[in-house]
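Close look at the chain arrangement
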Amino acid sequence: MYIYKLKIQNYRNFSSLELELKPFTLIIGENNIGKTNLLNAIGLIFSQEITIFKKRFLEIDDLNYDIVKSFKEKVANTSISNPNEIELPIVKIEVFIKDFTDEQAAIVADWCINRELTEAKIVYEFSPQVSFRKSEWIQKQRERTNLDWQSVDFPIDAYEYTIYGGDDTSNRCDMYFLRMLKMEFLDALRDAKKELVANSDSRLLYKILNRKELSNYDKIKDILGNLTKELKEDNQNLKDIKEDVNKLLDKVSLADANTLNEIDFDFTSPETSEILKKLSLTYGSNPISVERNGLGRNNLLYISLLLSQIIEEEEMKAEQKIRDFTAFRFIAIEEPEAHLHPNLQNHLAENIEEIGSGKKHLQLILTSHSSHITSKLSLANTLVLFKEGNNIKSHYILNGLDKEEDNESINYLAKYLDATKSTMFFSRKLILVEGIAEQLLMPKFFEKVTGKTLEKENCTVINVNGVAFEHFLKVIKNGFFVKCVVFTDSDADKQTKNRAPELKTEYDSNKILVKITDKTTFEKDLIESNKTVTKVLGKNKNILLDILEKTKQKTRTNQSIEKYREGLNSDIDIDDFFTEIKKYKSEFAFNLLDKMNEDLSKINVPTYIENGLIFLI
Amino acid sequence: MKAEKPTLVIAGAGSGKTTNMVKKIVESLPELEPYRFLAAITYTNAAANSIKERLSQHTKIPANVFVGTIDAFFNKFLILPYATLHDITQVDKLFIELNIETIAKEKFGTDFKNKNGYKKNLLNSLLKKGVIPFSQISEIAEKLIVIKEIQELVGKRLQFLFVDEFQDTNIQEFKVFDKIHKAEKTKLYKVGDAEQYIMSFRFNLEGNKAPLLPKIPIIQHQKKFNLLPNLDNNRCSHQITTFINNFNTQLQQEARFSTVEKNGVFFISHTDLLTISNTFKEKTEIWKDEPDFKRFYLAYSFKSEPFKSLPNQLGLIQISNESKKTHHLLSEVIHIITKIVGLNSKQICEKYNINTIQLRTLAIKIWKKDFVDFNEFKTYFEQDLALHISTEEGSDAEKFFDDLQNLKIIPTIQQQTEYTTTIHKSKGLEATCVLVVAKTNNELTHWLETDKEKRLKDKNDTKRLGFVAFSRAKTALYIACLEELSKTNKNKLMELKVATI
């Protein structure tokens, strides 16, 4: 079984969110978009066994700020006289599950939403108790002098939580059954080192050791018992100390009928749980304690320790204490890449998707900011969270693409992302270009045209390395991206001259703009925009000539460039100049970039690019 | 403190009895102490579900609000907690649908003396095993409530008690309510319409005589209540209200909405059921755009032809008594299993060494699998699931299997407009247009009886059933009869100003 749909209302930064989940889902999205809140919301329904326990009772900060504010404003607004027009905010988390084994169906049957008993819904609701007297409360709030919304209280004490199944609020979930569905949450702030030492009840290692059949530890207990004998009776040092102390005790203290005036040594209490707390993990062939491990290594140990304990399905036996039975686990790992080297990240990403696959008792959700992780995982399972106005929305990257028909594009994209570790899905605006020259120069062009940086506009330049724009545009046109501009060469002098105009007809829309060079290629348009030659003290001055000089320093004598410069009678001839740089396009671009870094004003942005960037902003 | 008299709202069909009761419940909720209960009782599962649904539209239903049938109420508040303590049964209880009267009748026929003795013995041996037939629930409840301590405890536990369809309360049930009232801790609110008292079959089933209308508690014990009559009819049009007033021995209602020419009461002068139904359908097409448009096809029983095949011929949805909500399904399947095996859930788990989840898993398996017939089911039940079918007297696995199959029939699309059910089950429901078909002239004569004295002496509800059926209609009521109309009936219809088509 797995959660296939999740609805969140008025919880933290979500006023209203609905999204679909898969048995394995990767969630990406910018910071503060609510990835952690989303996982915490699920934790309000499913209890945790091994990782940190979440309180089901919410605090005022857990309620969506905007809705609380709007409520308070209404209370403060005395022109609203009918209390029925002032509604108290309600937090609601709805989890839809399906794809059950018979056993799972037996557990969730009372919460099913269809008669076939194949889909169920569990709802967490945090709302005022029925006995809460709203009118009186509002009236009392309004009795304040200086009534403004900030001084209005919030009746959080009148709230209670209920967890019910299906659509009927009176159908409370039986905790006996609900407990069999669990969530484990490895949050981003996990302290792997601490958790790997079993020195207290709350540590992961201890919990795992303690989950096992305790009687299997009996032999250790016996051995420790023998140790106690050794301590008490056989060790000369200890015996001596004991005798010395006892002698002295007799002198300073008096024994009475009830106490024996003697001391003894004892080894730590032989309770199993106490023994377990003495254990800690070591790692490597030359065993070192986890304390000495690096953060990254410990993070991996932590993840594997947890996963190893829960990936195997439990088998139910009649005689077993079924209250401890677990029929389903929802596992959320935040940023598994924490502290990991890119190669380790790649390795982890390659394997993690496999862990839960085909297992009906597991659902795995990852969140990540690492393009090393995201580029390895299947695109179909990648969900992006993003902001639109004040609302948070979700979008599966491949939504709208046909698995069969667009198979080629999907494959292409997957390979492209893997090879380039592109961050395209972390941005909302895209600039697609053909080659390295455009890629290099685009950030500066952008800055010059818009006065802002690419990062600030959450915009990424993607070098398609050719003209395979379609694969990208198919994904871009269906939802997530705000805007995209494509800069492509017209290639009017080639056989493929129809390609660019066709692309434009197919994809131009209010989101996508295909901009084509006026001349045949990017460089020619660039030359066109910067071709003016000015005479200064009888010398021909032009920025491109300077850059050409720098580019060809090693290959040609300065004299020949000098000659070319001298020979110019008017502006640069585009074709002539292009012939000069044709074989050195990327080097030329590097040098151009240097110039732009020095002084943005010296270079003019080609018109088609300028127009394209204006569209993007 | 002397407890104030319970409130009794006497209100006719379509007055919004249940709606008002739901409103009252919602108003009472803020006063409800977290450690006490509010119970709302009615007589069918369908009605209980309807109350629950209406309630949840207004408010979140707290855990200490109970809405259910009277049997479920007695079980929860009296039998489950106290029956074992007071030596009525010794073990955990199992509730079954078992008609002792039928079994006894088969064995002894009209030999009353032996029959009654047998019934008593059978009942005692069942009770000893913890098996309680549904028909005995109110009797046991009554036995328990006379015990002073229990009366006190129940009163303490119940803060509010609402009873819908109070006319269907029998003497025993009334006594229980009365005792709860006497504990002076519970606020009671009851609502009913004596004219819709059609539960006499319950008595007949158990081999008892049903009381006549003037003897039922809602009429006989009116003095014990704070009476609130309500004469409004918010459901039926003016013409239909005028028409049904002819049959009302209790009160004369006033319609609350104005009339249009097309409204009214009609008689369809065909005798073929299919033709009748199609005429009805055709004539009522004009109402299609009414909000919540629905058509009912009602008759006394659909067990025999031509009624039996009508639902299939016309694609009618049968209004079932079963819960529409899915969250009771598995419990119902388990309940069927317990009946087939003849043990309660706990006993099954003990006998087969399984736990609750495993029992539920068995129920899921049975639920998911399609069975062609009882034999296939039997094989699966006994071989694949390794469960044993009870061989005990009165146990009818085949009937329980039918129950299972009925449960599996999935109600199709929600936006259906055509429904059918028996008159009995139509109580509390309403439709834009209603067709009521009498099987014989005799049946129709009963329905159309306007003599108050005769109606009051109606033993088998035959006259009142007509009233219940007629009063379901909001805008158009069509009546028909499968026999050529007799002179008496023809004249009666004319007298009642029913247009014939």
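Residues numbered from 1 in each chain as written. Chains lettered and ligands numbered in written order. Predicted model: local features only at pLDDT ≥ 70, side-chain atom pairs only at ≥ 80, totals over all residues. Heavy atoms only, no water.

The next subject is the overall build of chain A. Each helix and strand in chain A was counted, giving 23 helices and 19 strands. Expected size for 617 residues packed as a compact globule is a radius of gyration near 25 Å; at 34 Å, chain A overshoots this value by more than 25%. Taken over the C-alpha atoms alone, chain A extends approximately 125 × 75 × 60 Å along its principal axes. By the burial criterion, 49% of the 617 residues in chain A qualify as buried. Taking all contacts inside chain A whose residues are at least 6 apart in sequence as the whole, residues at least 24 apart take part in 75%. Looking at chain A as shown, the accessible area adds up to about 30,600 Å², and 47% of this sits on carbon and sulfur atoms. (Helix = DSSP H or I, 4+ residues; strand = E, 2+ residues; numbered from the N terminus. Rg over C-alpha atoms; globule rule 2.2 N^0.38 Å. Buried < 20%, exposed > 50% of the residue type's maximum accessible area, 1.4 Å probe, protein only. Contact = heavy atoms within 4.5 Å. Areas by Shrake-Rupley, 256 points an atom, 1.4 Å probe, with all protein chains shown as cover.)

Next up on the list: the overall build of chain B. Each helix and strand counted, chain B has 23 helices and 17 strands in total. In summary, chain B has a C-alpha radius of gyration of 24 Å against a globular reference of 23 Å for 501 residues, a match within 12%. With respect to the principal axes defined by its C-alpha atoms, chain B has extents near 70 × 65 × 50 Å. Counting across all 501 residues of chain B, residues that qualify as buried make up 53%. Excluding contacts between residues fewer than 6 apart, the proportion of contacts in chain B whose partners are at least 24 apart in sequence is 78%.

This part takes up helix α8 (residues 171-182) of chain B. Residues and elements named next belong to chain B. Helix length check: α8 (12 residues) gives 16 Å between terminal C-alpha atoms against 16 Å at 1.5 Å per residue, within 8%. Restricting attention to buried positions, one finds in α8 the residues Glu173, Phe174, Val176, Phe177, Asp178, Ile180 and His181. Its side-chain oxygen placed 3.1 Å from the backbone nitrogen of glutamine 172, asparagine 170 serves as the N-cap of α8. Note on α8: the residue one or two positions beyond its end, glutamate 184, has a positive phi of about 60°. (Expected span 1.5 Å × (residues − 1). Polar contact = N/O pair within 3.5 Å; in protein donor to acceptor, adjacent residues only side chain to side chain.)

This paragraph deals with the side chain of Glu438(A). Residues and elements named next belong to chain A. With respect to the secondary-structure elements, glutamate 438 resides in helix α15 (residues 436-450). Salt bridges are absent for the buried glutamate 438, whose nearest opposite-charge side chain, lysine 585, sits at 8.0 Å. There is a polar contact of 3.3 Å between the side chain of glutamate 438 and the backbone nitrogen of glycine 435. In this view, glutamate 438 contacts Val433, Asp489 and Phe522; residues no more than four positions away in its chain are not counted. (Lys, Arg positive; Asp, Glu negative; His and termini not counted. Salt bridge = Lys/Arg side-chain N within 4 Å of Asp/Glu carboxyl O.)

The subject of this paragraph is the interface of chain A and chain B. With 34 residues of chain A at the contact, the number on the chain B side is 33 residues. Summing the contributions of chain A and of chain B, the shared interface buries around 2,900 Å²; its carbon and sulfur component is 56%. Where chain A meets chain B, there are three salt bridges. Ionic pairing is found between Asp110(A) and Arg360(B), a salt bridge with its closest N-O pair at 3.3 Å. At the junction of chain A and chain B, the tally comes to 10 residue pairs in polar contact (both at pLDDT 80 or more). Listing elements by their share of the side of chain A that touches chain B, those giving two or more residues are α3 (102-108), β5 (119-128), β6 (159-165) and α5 (175-178) of chain A. Here the element with the most residues in the side of chain A that touches chain B is α3(A); it accounts for five residues. The residue makeup of the side of chain A that touches chain B, split by class, is 15 nonpolar, eight polar and 11 charged. (Buried area = accessible area lost by both parts, 1.4 Å probe. Nonpolar A, V, L, I, M, F, W, Y, C, P; charged D, E, K, R; others polar.)

A full pass over the atoms with the stated rule returns 43 aromatic pairs over all chains. Taking 6.1 Å as the distance between ring centres and 55° as the angle between the ring planes, the aromatic pair formed by Phe132(A) and Trp137(A) counts as tilted. One exposure class covers both Phe132(A) and Trp137(A), and it is buried. Counting every residue linked through ring pairs, the aromatic cluster contains Phe57(A), Phe71(A), Phe126(A), Phe132(A), Trp137(A), Phe154(A) and Tyr159(A). The aromatic ring of Phe96(A) is capped on one face by Lys5(A), whose charged end is 4.6 Å from the ring centroid. The side chain of Lys76(B) reaches across the aromatic face of Phe77(B), ending 5.9 Å from its centre. (Phe/Tyr/Trp six-rings, centres within 6.5 Å; stacked < 30°, edge-to-face > 60°. Lys NZ or Arg CZ within 6 Å of the ring centre and 35° of its normal.)

Here we take up the domain arrangement of chain A. Annotation of chain A at the domain level lists domain 1 (2-21 + 34-177), domain 2 (222-276) and domain 3 (421-617). Taken over C-alpha atoms, the centre of domain 1 of chain A sits 57 Å from the centre of domain 2 of chain A. (Domains from an automatic or database assignment.)

Following the criterion strictly, the structure yields 46 salt bridges over all chains and no others. We note a salt bridge from Asp461(B) to Arg464(B), for which the minimum N-O separation is 2.8 Å. Residue class for Arg464(B) comes out buried when judged on its relative accessible area of 1%. Across the pair Glu495(B) and Lys492(B) runs a salt bridge whose closest N-O atoms are separated by 3.7 Å. Of this pair, Glu495(B) and Lys492(B) both sit in helix α23 (residues 487-495), three residues apart, which is roughly one turn of that helix. Judged by relative accessible area, which is 53%, Glu495(B) ranks as exposed. The exposure class assigned to Lys492(B) is buried, which follows from its relative accessible area of 17%. Put simply, Glu434(A), Asp491(A), Lys494(A) and Arg499(A) are held in one network by salt bridges that share partners.

What follows concerns the sheet that holds strand β1 (residues 2-11) of chain A. Residue and element names in this part refer to chain A. Spatially, β2-β1-β4-β5-β6 is the arrangement adopted by the five strands of the open sheet, whose pairing is antiparallel. Of all strands in the sheet, those bounded by a partner on one side alone are β2 (14-20) and β6. Neighbour-to-neighbour, the strand axes of the sheet open up by a mean angle of 10°, direction not taken into account. Looking at chain direction, β1 and β2 are connected through six bridges and run antiparallel. Bridging across to β2, isoleucine 8 finds its partner in leucine 17. Seen against the sheet, helix α1 (residues 35-43) touches β1, β2 and β4 (91-98) and runs at an angle of roughly 105° to β1. (Pairing = 2+ DSSP bridges. Axes fitted to C-alpha atoms, helices over the stretch in contact; angles between N-to-C directions.)

All names here are of chain A. Examined against the element boundaries, aspartate 153 turns out to sit in the loop between α4 (134-142) and β6. Aspartate 153 sits 16 residues away from tryptophan 137 along the chain, and the two C-alpha atoms are 9.8 Å apart. In this structure, aspartate 153 is in contact with Lys72, Trp137, Gln141 and Arg144, ignoring residues within four places of it in sequence. Within polar-contact distance, the side chain of aspartate 153 engages the side chain of arginine 144 at 2.9 Å.

Bringing the confidence of the model for chain B into the picture now. A low pLDDT means the predicted coordinates there should not be read in detail. Across chain B, the average pLDDT comes to 83, with 91% of residues at 70 or higher. Predicted complex, confidence summary: ipTM 0.79, pTM 0.77. (pLDDT = per-residue confidence, 0-100.)

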